[in-house]
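Observations on the three-dimensional arrangement
The chain contents come next:
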Amino acid sequence: MSTSKINAVNSETQYAVFSDRKIAYRSIGEGHPIILINRFRGTLDTWDPLFLDLLTEKHQVITFDYSGIGYSTGKLPTDVKEVAKDVKDLADFLKIEKAIFMGWSYGGLVTQAAMHQYPELVSHTILLGTGPIGKRVVPLEQSFLDHALKPVNDFNDEVILFFEPESDESVKAAKASHERISQRIDVSKIPSTMEVFQLYFAGGENAAEDKENYRDKLKTTKTPILIISGDHDTSFAVENWYPLTKQLPTSQLILLPQTGHAPQHQNISLVVNYIDNFLQNTK
């Protein structure tokens, strides 16, 4: 009797059980672990499965839902420092001593907080479609707010939020990604109420205040950092990195053309190759 390979579409949803909450997670692949840290309204189901599967060719890939989001229980904290504790608690539960942290969008802010709080746990940091903690130079575009806060997003919303609607190639990639994600998605698990949105917003405002001085710590961290951005990210404009580019000794910035907020869902093979090269050539 043959058994099919465990992949992003058929992997089991498991739970790390703590006294105050359950964190839902999925684990696929083998190797040095990558913990993926999700976007605003993202759940276990909203990562592109092809992206995850390509990462598993060299790594154990772990996705999870924040406390109070998706399949997890509890409540999402309003401080990214506290949200980052989910990463630490999950790593401890899985007996992971060192991992790659990979954060997308809001998850990039959480990732930076986790990296600075738990430096002993992180080997490398990868930031996708996100910005540095601290005050934004370029704010959110109105088009992002117009589409991101709908109770349910349709395909057209996804194109505007995550891709580049002016590019035929980007729209084509959006359709392919949408179809892959739709193989396994429970829309009822996606946060859809303003009450929950406000928890995310509070976390974003908290990150902008940067009371922990995480932004300055990027200038002295020993952790290698790879930043991958699209040239038209309506949520986290790449220009927010520019004031820091000569001050971050361990950070590399890659800018992809005609690409929006989800570079890893549009340019999957390219992004995975960049990630692999970065991980192989930095310590």
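Residues numbered from 1 in each chain as written. Predicted model: local features only at pLDDT ≥ 70, side-chain atom pairs only at ≥ 80, totals over all residues. Heavy atoms only, no water.

Moving on, we come to the packing of aromatic side chains. Under the counting rule described, the total for this entry stands at 10 aromatic pairs. Here Y106 and Y200 contribute two aromatic rings whose centre-to-centre distance is 5.0 Å and whose plane-to-plane angle is 80 degrees, an arrangement assigned as edge-to-face. A residue pair is termed long-range when its members are at least 10 positions apart, and Y106 in helix α4 (residues 106-117) and Y200 in helix α8 (residues 194-209) qualify at 94 residues. You can call Y200 buried: its relative accessible area is 2%. An aromatic cluster is defined as three or more aromatic residues linked by ring pairs; in this entry it consists of F40, F64, Y66, Y106, F197, Y200 and F201. One Lys or Arg, R21, reaches over the ring of F18 and ends 5.0 Å from the middle of that ring. (Phe/Tyr/Trp six-rings, centres within 6.5 Å; stacked < 30°, edge-to-face > 60°. Helix = DSSP H or I, 4+ residues; strand = E, 2+ residues; numbered from the N terminus. Buried < 20%, exposed > 50% of the residue type's maximum accessible area, 1.4 Å probe, protein only. Lys NZ or Arg CZ within 6 Å of the ring centre and 35° of its normal.)

A separate point is the environment of T56. You can see T56 is positioned in the loop between α1 (49-55) and β4 (59-64). The class of T56 is buried, set by a relative accessible area of 12%. Sequence separation between T56 and G31 is 25 residues, and the spatial gap between their C-alpha atoms is 8.1 Å.

Inspection of the entire model under this criterion finds 14 salt bridges. As a salt-bridge pair, D20 and R21 come within 3.1 Å of each other at their nearest N and O atoms. You can call R21 buried: its relative accessible area is 10%. D157 is paired through a salt bridge with K150; the nearest N and O atoms lie 2.9 Å apart. (Salt bridge = Lys/Arg side-chain N within 4 Å of Asp/Glu carboxyl O.)

Time to look at helix α3 (residues 85-93). Listing the buried residues of α3 in full gives D86, V87, D89, L90 and A91. Phi turns positive one or two residues past the end of α3, at K95, with a value near 60 degrees.

So, about the environment of G230. In this fold, G230 is placed in strand β7 (residues 225-230). Sequence-wise, G230 and G260 are 30 residues apart; in three dimensions their C-alpha atoms are separated by 4.8 Å. Among all residues touching G230, those that are not within four sequence positions of it are V238, L255, L256, T259, G260 and P263. (Contact = heavy atoms within 4.5 Å.)

Strand order in the open sheet formed by eight strands is β1-β2-β4-β3-β5-β6-β7-β8, and the pairing between neighbours is mixed. Strands with a single pairing partner mark the edges of an open sheet, and in this sheet they are β1 (14-17) and β8 (251-256). Each strand axis lies, on average, 25 degrees off the axis of its neighbour in the sheet, ignoring direction. Sheet analysis places β1 next to strand β2 (residues 22-28), joined by four bridges and oriented antiparallel. The residue of β2 that forms the bridge with Q14 is Y25. (Pairing = 2+ DSSP bridges. Axes fitted to C-alpha atoms, helices over the stretch in contact; angles between N-to-C directions.)

A contiguous nonpolar patch, built from V152, I185 and V187 and spanning about 240 Å² of accessible area, is present on the exposed surface. Within the secondary structure, V187 sits in the loop between α7 (168-181) and α8. The partly exposed category is assigned to V187, whose relative accessible area is 44%. (Patch = residues over 30% accessible without salt bridge, like charges linked within 9 Å, V, L, I, M, F, W, Y side chains within 5 Å. Areas by Shrake-Rupley, 256 points an atom, 1.4 Å probe, with all protein chains shown as cover.)

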